Amino acid sequence: MAAVRKALLEKTDWPGNDGRTRYGFANANGGRPISIEIDGRKQQFLVSIHQPTNRIVGMPVEQVKLYFMDKEGSSRGKGMYGASFSEEQIKALCEGKAVRLEGCSNKEGQLFNCYVQFDAAQRQVVPCHPTWLKEAQKTGTDLGLGKPKAQEKPKAE
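Treat the numbers as computed from the prediction; the structure is a model and nothing was measured. (Residues numbered from 1 in each chain as written. Predicted model: local features only at pLDDT ≥ 70, side-chain atom pairs only at ≥ 80, totals over all residues. Heavy atoms only, no water.)

(A) Quick peek at helix α2 (residues 61-68). Every buried residue of α2 is listed here: Val61, Val64 and Phe68. Around the axis of α2, the buried residues are gathered within 55° of arc, so they sit on the same side. For α2, the secondary structure elements touched by its buried residues are β4 (41-50), β5 (55-60), α3 (87-94), β9 (111-119) and β10 (124-127). (Buried < 20%, exposed > 50% of the residue type's maximum accessible area, 1.4 Å probe, protein only. Helix = DSSP H or I, 4+ residues; strand = E, 2+ residues; numbered from the N terminus. Arc of directions from axis to C-beta. Contact = heavy atoms within 4.5 Å.)

(B) Expanded view of the packing of aromatic side chains. Using the criterion set out here, one finds 5 aromatic pairs in the structure. With 4.9 Å between their ring centres and 90° between their planes, Tyr67 and Phe68 make a pair best called edge-to-face. A relative accessible area of 0% places Phe68 in the buried class. Plain terms: the ring middles of Phe68 and Phe85 are 5.9 Å apart, the flat faces sit at 85° to each other, and that makes the pair edge-to-face. You can see Phe68 sitting in helix α2 and its partner Phe85 sitting in the loop between β7 (83-84) and α3, a full 17 residues away along the chain. Both residues of the pair, Phe68 and Phe85, belong to the buried class. Members of the aromatic cluster, connected to one another through ring pairs, are Tyr67, Phe68, Phe85 and Phe118. One Lys or Arg, Lys78, reaches over the ring of Tyr67 and ends 4.4 Å from the middle of that ring. (Phe/Tyr/Trp six-rings, centres within 6.5 Å; stacked < 30°, edge-to-face > 60°. Lys NZ or Arg CZ within 6 Å of the ring centre and 35° of its normal.)

This is the structure:
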């Protein structure tokens, strides 16, 4: 539980679409389900922070699975930014993990890759900015997301 709490409260910053630095929580959820006993029965929950109120919100993993698949186990065809989730990605998202989504496109048609997690508070998949991703970009490790653009230094005249 301590690891989930630490992941929930981890903060980071990232470049916004407008070029300004954004600050916020690094993860959409704690990165794994937690067990909660309700009416004498243990259930697995994903937990997230509700941004406006800073309250912890939980969603049963069984409901998360229903977000992606119907009761017969058929995929609902969920995706994000024009890219669909594979079965392995759906399984990882239901376990609270961040997954790399490739082949995404924005409104201008530019292709990019990103990391996403299921957010129990928003009841949907959202982009996440894990701190390990930021560290990998700082060290120049290519994760397929592209490297941050280097700031041009003003030329001396």
